[in-house]
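This is what each chain is made of:
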Amino acid sequence: MEDNIGPHMSLDETAPSRGDLFTILSNKEGHGRKGTIAATVRGTKSEELSAVFDRIPLERRLSVREITMDFSDSMCAAATASFPNAQITIDCFHVVQLATSALNEMRMRHKRKAMAEDARKRKKHKQRLRRNREQNEKRQRERKAKGIEKSKCGRKPGRKNEAYAPVRLENGDTEVELLTRCRYFISQSREKWTDSQKKRAAILFEHYPDMLTAYELVNELRSIFKNKNHTKDTAASALEKWFAQAEASGFKALVNAADTIESRQDHVLNYFKERHTNASAESLNSKIKGFRSLLRGVSDLTFFMYRVSRIFG
């Protein structure tokens, strides 16, 4: 499908059946219709990708000026080798997603600690009930041995099946519930929050101030890509400041994310030249999955990919 090669291309992977990965080279100007797919490769290894891409005539490959993709090293290596004139642009949404994943990792670390503490308190509650029950039974046996009738005085023994009541926060959530339900809104900017999410966020950041610091850093990174006045040079300066802030925060997950972004900084900054993203490839991936849903699954993978190539190729 060499005729579908254009100046602006996208690389993305898809899993049409049982996690079996395919890499798809698509033309942005196809807009998810016929003429979009230029090549499909079963696998993600750079050697496999290059072997297929190199079958495209050299003149066509030299005409490609830009290829957008995620942080995949294998895609980058294959694209660099087969399309020497194309600049590699890493999708800005994947950059922010990398930082958001680091924030989510912090959330999960706090959640695991909260779950461990909750399990400890539940175990302690059961031990207390068992100890009270044993003490009451022992006291009754001693009274019976002395011929003393059952007394109504003293502390009333606890119920054998007394339920454990966890500590609840201002909005009715337990700590574990709070850290579970904040998963979605911490990946969004504040203006997208609902009233209940704003209330939950205030409680979350009050109990976990490190989450607030990390969230502000992620928002700072997001604002760099949202700023329409940034050029490649000004964005480079802004990113350098963000790298320093992430390093100073001391949050390991965020520092690792910053190191990954910094290692591919040139490809990340190429976004500010023409502000192209990998959204067209993600849209094509969604259409392929929608087509799979219409077929109620994939029984013959080879034939399915053939049909995909005929529809979108």
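Above this text is the structure in question.
Throughout what follows, the structure given in this document is the object of discussion.

**Some thoughts on the packing of aromatic side chains**
Each aromatic ring pair is specified by the distance between its two centres and by the angle formed by the two planes. The tally for this structure, following the rule as stated, stands at 10 aromatic pairs. Judged by centre distance (5.7 Å) and plane angle (55°), the rings of F53 and F83 are tilted. Of the two residues, F53 sits in helix α1 (residues 46–53) while F83 sits in the loop between α3 (73–82) and β5 (87–90), which places them 30 residues apart along the sequence. Like F83, F53 is buried. Where F185 meets W193, the ring centres are 5.4 Å apart and the plane angle is 80°; that geometry is what we call edge-to-face. Judged on exposure class, the residue F185 and its partner W193 are both buried. Here the aromatic cluster, defined as three or more aromatic residues joined through ring pairs, consists of F185, W193, F205 and Y215.

**Comments concerning the nonpolar core**
Residues L204, L221, F225 and W242 are the most contacted members of the largest nonpolar core, which totals 47 residues. Ignoring any residue separated from it by four or fewer positions in sequence, one finds W242 in contact with L217, E220, L221, I224, A258 and I261. Judged by nonpolar contacts, the second largest core, of 20 residues, contains V64, M69, M75 and I88.

**Describing the sheet that holds strand β3 (residues 37–42)**
What the 5 strands build is an open sheet, ordered β3-β2-β1-β4-β5; its pairing is mixed. Edge positions in the sheet fall to β3 and β5, since each of these pairs with one other strand and no more. Each neighbouring strand pair of the sheet contributes to a mean axis angle of 25°, computed without reference to strand direction. Pairing between strand β1 (residues 8–17) and strand β2 (residues 20–27): 7 bridges, direction antiparallel. In the sheet register, E13 faces β2, and the bridge partner there is T23. The sheet contacts of α1 involve β1, β2 and β3, and relative to β3 the element is tilted by about 140°. On the sheet, helix α12 (residues 279–294) packs against β1, β2 and β3 and is oriented at approximately 30° with respect to β1.

**Section: the layout of surface pockets**
There is about 330 Å³ of room inside the second largest pocket. As for the second largest pocket, its lining consists of 13 residues, and the residues nearest its centre are C92, F93, V96, R222 and K226. Counting only elements with at least two residues in the lining of the second largest pocket, the list comes to α4 (92–146) and α7 (209–226). Take the lining of the second largest pocket: its biggest share by element is 5 residues, from α4. Here the lining of the second largest pocket is composed, by residue class, of 5 nonpolar, 5 polar and 3 charged.

**As for α4**
Because each turn of an α-helix spans 3.6 residues, side chains separated by three or four positions end up pointing in the same direction. Over its 55 residues, α4 runs 81 Å from end to end, which matches the ideal 81 Å to within 8%, given 1.5 Å per residue. Two residues or fewer past α4, G147 is found with a positive phi of approximately 75°.

**Some words on a negative patch on the surface**
Among the surface-exposed residues, E240, E247, D259 and E262 lie close enough to one another that they form a single negatively charged patch. At the level of secondary structure, the elements contributing two or more residues to the negative patch comprise α8 (232–249) and α9 (252–263). With respect to the helices and strands, the residue E262 is situated in helix α9.

Each value, and the rule that gives it
- Residues numbered from 1 in each chain as written.
- Predicted model: local features only at pLDDT ≥ 70, side-chain atom pairs only at ≥ 80, totals over all residues.
- Heavy atoms only, no water.
- Phe/Tyr/Trp six-rings, centres within 6.5 Å; stacked < 30°, edge-to-face > 60°.
- Helix = DSSP H or I, 4+ residues; strand = E, 2+ residues; numbered from the N terminus.
- Buried < 20%, exposed > 50% of the residue type's maximum accessible area, 1.4 Å probe, protein only.
- Core = buried A, V, L, I, M, F, W, Y, C linked by side-chain atoms within 4.5 Å.
- Contact = heavy atoms within 4.5 Å.
- Pairing = 2+ DSSP bridges.
- Axes fitted to C-alpha atoms, helices over the stretch in contact; angles between N-to-C directions.
- 1 Å grid on protein atoms, 1.4 Å probe; cavity = no way out; pocket = protein on both sides within 12 Å on 5 of 7 lines; lining within 4 Å.
- Points joined across faces, edges and corners; volume = space filled by probe spheres on them.
- Nonpolar A, V, L, I, M, F, W, Y, C, P; charged D, E, K, R; others polar.
- Expected span 1.5 Å × (residues − 1).
- Patch = residues over 30% accessible without salt bridge, like charges linked within 9 Å, V, L, I, M, F, W, Y side chains within 5 Å.
- Areas by Shrake-Rupley, 256 points an atom, 1.4 Å probe, with all protein chains shown as cover.
- Salt bridge = Lys/Arg side-chain N within 4 Å of Asp/Glu carboxyl O.
- Lys, Arg positive; Asp, Glu negative; His and termini not counted.
- Charge placed at Lys NZ, Arg CZ, Asp CG, Glu CD.

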